[in-house]
Amino acid sequence: MTIMNTLSPRSLSAPESGIVEVVNYARGREGVIPLWVGEGDLATPDFISRAAAEALVAGETFYTWQRGIPPLREALVHYYQRRFQKTLSPEHFYVTGSGMQAIKLAIEAVTSPGDEIVLLTPAWPNFAAAAEISGARPVSVPLRFEHGKWQLDLDSLDAAIGEKTRALFINTPSNPTGWTATKDDLRAILTLARKHGLWIIADEIYALYYYAGGRAPSFLDIMDDDDRILFVNSFSKNWSMTGWRLGWIVAPPAMGQVLENLIQYSTSGVAQFMQRGAVVALDEGDAFVDENIAKAALSRDLLCDALIATNRVETLKPDGALYAFLKIDGVTDSRQAALDIVDKTGVGLAPGTAFGEGGSLFMRACFLRDPAQVAEAAQRLSGYILSR
């Protein structure tokens, strides 16, 4: 018997990331423009890093509050007042070791092995994989793609709900499609959840990246206090903190001890000096976030305008998030195309095969980068597309 034969089926079934496969294929190559992963090109700003470094030097290196230090939970209260016009208490917030951990804990809080979670696809692959590792079964409901735009099929969502369904996973604005739910969409989804007694796990990490202005519609705008909704979020995108692995959950205060216990038995909390940086990000980082959003909007236009002009790419400018999801004429194997594109153009894209049902013919490009670099990537991609 080999070592691999002794591992659990759940661990063995964890899939390799189709995004990371392409990154590893070209990692370290000179001149590659990396549009493959969901992060920008800026390091964490100094005012955030300095706060964490000062706390580290000051000795804030001991065990700490597992729900998050009180100043950070209070800063989250003020952030939601400013950005979401929603008054919450510190007891609604739970600090996690990344948005990914927030998702994993939310799944574990509301499902048991054998339960089902319904999600809209194409979707970031880590959610479905996290559900499977937790023993739940992800059930895909593809968004409709018509005339370059993605739309919710509410009837299909309703039809996917069965006796074993315990939750709906809703990511809006969406990674990778950019689909952004309207308030009417959210009301319809919430009505379904109430009708069937389901939880909603709401991934609103891209809520501020909404190109109509302001922020995207949120379940916070329409929910009642007793609705079963867990919000998962991260510091990664807004404040250029992807490598910090720092996130949070917004949950009913009644769940407090349950979530604290789940944190205890996974990571036992986030380092206090890192949380000091997060406090400063929330309290002093609005201008930096707004600059990131403005840069994303400009780069979105540069990339999409150039590729649409080839008349060989089917897409529209996304309403939200950080990604152009591109259907290129003649591409039938997006995984192989992603490898070919990085070889021939030096532009790194994520293959649509990584994003589940409905995504296999597409390529994802993250445009939260220097507009000049994005324009160069668009020129290289346009040349590749027109030469096919």
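Residues numbered from 1 in each chain as written. Predicted model: local features only at pLDDT ≥ 70, side-chain atom pairs only at ≥ 80, totals over all residues. Heavy atoms only, no water.

As annotated in an unreviewed UniProt entry, the protein chain carries the name Aminotransferase and comes from Sinorhizobium terangae. Reading the Cofactor (unreviewed entry) entry of the UniProt record for the protein chain gives the comment "pyridoxal 5'-phosphate". The protein chain has a UniProt comment under Catalytic activity (unreviewed entry) that states "L-aspartate + 2-oxoglutarate = oxaloacetate + L-glutamate". (UniProt positions renumbered as here; feature names shortened; annotations may be inferred.)

Before going further, it helps to examine the sheet that holds strand β9 (residues 229-234). Across the sheet, which stays open at both edges, the 7 strands sit in the order β2-β10-β9-β8-β7-β3-β4 with mixed pairing between neighbours. The open sheet has two edge strands with one neighbour each: β2 (93-96) and β4 (137-142). Neighbouring strand axes in the sheet, compared pairwise and without regard to direction, differ in orientation by 25 degrees on average. As paired strands, strand β7 (residues 165-171) and strand β8 (residues 199-203) are joined by 5 bridges and run parallel to one another. If you follow A167 over to β8, its bridge partner there is W199. (Pairing = 2+ DSSP bridges. Helix = DSSP H or I, 4+ residues; strand = E, 2+ residues; numbered from the N terminus. Axes fitted to C-alpha atoms, helices over the stretch in contact; angles between N-to-C directions.)

Next up on the list: helix α2 (residues 18-26). The complete set of buried residues in α2 reads G18, I19, V22, V23 and A26. Take α2 and look down its axis: the buried residues cluster within an arc of 145 degrees, on one side only. Elements in contact with the buried residues of α2: α6 (125-133), α12 (334-345), β14 (350-351) and β15 (362-366). For α2, the N-terminal cap is S17; the gap from its side-chain oxygen to the backbone nitrogen of I19 is 3.2 Å. One or two residues past the end of α2 sits G28, with phi positive at roughly 90 degrees. (Buried < 20%, exposed > 50% of the residue type's maximum accessible area, 1.4 Å probe, protein only. Arc of directions from axis to C-beta. Contact = heavy atoms within 4.5 Å. Polar contact = N/O pair within 3.5 Å; in protein donor to acceptor, adjacent residues only side chain to side chain.)

This next bit is on the layout of surface pockets. Space inside the largest pocket adds up to approximately 740 Å³. Lining the largest pocket are 36 residues, and of these W124, N126, N175, K237 and R245 lie nearest its centre. When contributions to the lining of the largest pocket are tallied by element, the ones reaching two or more residues are α2, α5 (99-110), α6, β7 and β9. A class-by-class count of the residues in the lining of the largest pocket yields 19 nonpolar, 11 polar and 6 charged. Taken domain by domain, the makeup of the lining of the largest pocket includes at least three residues from each of domain 1 (16-44 + 286-387) and domain 2 (47-284). Estimated volume of the second largest pocket: approximately 280 Å³. Lining the second largest pocket are 22 residues, with K149, W150, W179, T180 and D319 positioned closest to its centre. Elements that contribute at least two residues to the lining of the second largest pocket include exactly β6 (149-151) and β12 (323-328). Partitioned by chemical class, the residues of the lining of the second largest pocket number 11 nonpolar, 7 polar and 4 charged. Viewed by domain, the lining of the second largest pocket spans two of them, domain 1 (16-44 + 286-387) and domain 2 (47-284), each represented by three or more residues. (1 Å grid on protein atoms, 1.4 Å probe; cavity = no way out; pocket = protein on both sides within 12 Å on 5 of 7 lines; lining within 4 Å. Points joined across faces, edges and corners; volume = space filled by probe spheres on them. Nonpolar A, V, L, I, M, F, W, Y, C, P; charged D, E, K, R; others polar. Domains from an automatic or database assignment.)

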